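Residue-level structure breakdown
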Amino acid sequence: MAVSESNHPSGKGVQSQMSQSPAADKPKQTALPSIAPKFAYAAGDPQEGNLATPINSSQLTRWFINQLPAYRPGVSSFQRGLQVGLSHGFWLVGPFVALGPLRDTSLALLAGLLAAIGVVVIATLALLAYALSAPPPPIATLTTPHPPTDLSTPHGWQELARGFLFGGTAGAVFAAVLLLIFSL
């Protein structure tokens, strides 16, 4: 069946050919197998975009993610924030010392420490702002089937922010002391 003209934005007709044969309606077979049917939707809804892949549904990946402080069972919100803050405060000092504007001066370590603590304070303020917005409860996924329930309230997020501030400051001070001792 031939379509003679269509309503094209340019005002000119566009010629196109369409076949009515039954063979043209079937999709062509390719030599490569399709991988999409092998994966299931993790949440049951294809519009969420969360596929159950061999990576996120493996036992090793699920165990590793569920051992992170954000998802570990039996940990309070303050302890979650403390552990996350310690690691973030610890690694923030190095880039400020090595790459900051005072990197070639005797004040590089002090400037790096203060800059890292400043970033931790800004991140804590962001966590507190999120806590005040009445966040929704965490969603269970394929990788984290049992999310922490204490992060479903603003009080839980405030405790996490308090732990993050304390842990981030302590991690930054610890990293600065190590840099001072080893003079790297």
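So, here's what we can say about the structure. Just so you know, these numbers come straight off a predicted model, no measurement behind them. (Residues numbered from 1 in each chain as written. Predicted model: local features only at pLDDT ≥ 70, side-chain atom pairs only at ≥ 80, totals over all residues. Heavy atoms only, no water.)

**Quick word on the overall build of the chain**
For the chain, the helix and strand inventory stands at 5 helices and 4 strands. Taken from the N to the C terminus, the helices and strands of the chain come in the order β-β-α-β-β-α-α-α-α. Counting only residues that meet the buried cut, the chain has 22% of its 184 residues in that class. Excluding contacts between residues fewer than 6 apart, the proportion of contacts in the chain whose partners are at least 24 apart in sequence is 57%. (Helix = DSSP H or I, 4+ residues; strand = E, 2+ residues; numbered from the N terminus. Buried < 20%, exposed > 50% of the residue type's maximum accessible area, 1.4 Å probe, protein only. Contact = heavy atoms within 4.5 Å.)

**Overview of helix α5 (residues 154-182)**
With 29 residues, α5 ought to run about 42 Å at 1.5 Å a step, and its terminal C-alpha atoms sit 42 Å apart, in line with that. Residue serine 183 follows α5 closely and has a positive phi angle near 45°. (Expected span 1.5 Å × (residues − 1).)

**Re the packing of aromatic side chains**
Two descriptors summarise a pair of aromatic rings, namely the distance from one centre to the other and the angle between the planes of the rings. According to the stated counting rule, one finds 2 aromatic pairs in the structure shown. Judged by centre distance (4.9 Å) and plane angle (80°), the ring pair of tyrosine 130 and tryptophan 157 falls under edge-to-face. You can see tyrosine 130 sitting in helix α4 (residues 108-132) and its partner tryptophan 157 sitting in helix α5, a full 27 residues away along the chain. Under the relative-accessibility criterion, tyrosine 130 is labelled partly exposed at 37%. (Phe/Tyr/Trp six-rings, centres within 6.5 Å; stacked < 30°, edge-to-face > 60°.)

**Some points on α4**
The end-to-end C-alpha distance of α4 is 36 Å, a good match for the 36 Å that 25 residues give at a rise of 1.5 Å each. Those residues of α4 that fall on the buried side of the exposure criterion are Ala108, Gly112, Leu113, Ala116, Val120, Thr124, Leu127 and Ala131. A positive phi of about 55° marks alanine 134, the residue just after α4.

**Digging into the packing of helix α3 (residues 77-99) against α5**
Closest axis-to-axis distance for the α3/α5 pair is 5 Å, and the angle between their directions is 35°. The element α3 and its partner α5 pack so that their crossing is right-handed. Residue classes in the contact of α3 with α5 are distributed as 17 nonpolar, 10 polar and 3 charged. (Axes fitted to C-alpha atoms, helices over the stretch in contact; angles between N-to-C directions. Left-handed = near helix turned anticlockwise from the far one by under 90°. Nonpolar A, V, L, I, M, F, W, Y, C, P; charged D, E, K, R; others polar.)

**Some points on the environment of leucine 51**
For leucine 51, the position within the fold is in strand β4 (residues 51-52). Put simply, leucine 51 and leucine 142 are 91 residues apart on the chain and 9.1 Å apart in space, counted from C-alpha to C-alpha.

**A look at the nonpolar core**
Core analysis: the largest hydrophobic core is formed by 17 residues, its most contacted members being Val93, Ala116, Leu127, Trp157, Leu160 and Ala172. Among the secondary structure elements, those contributing two or more residues to this core are α3, α4 and α5. Each residue touching tryptophan 157, except ones within four places of it in the same chain, is listed here: Leu127, Tyr130, Ala131, Pro135 and Leu151. (Core = buried A, V, L, I, M, F, W, Y, C linked by side-chain atoms within 4.5 Å.)

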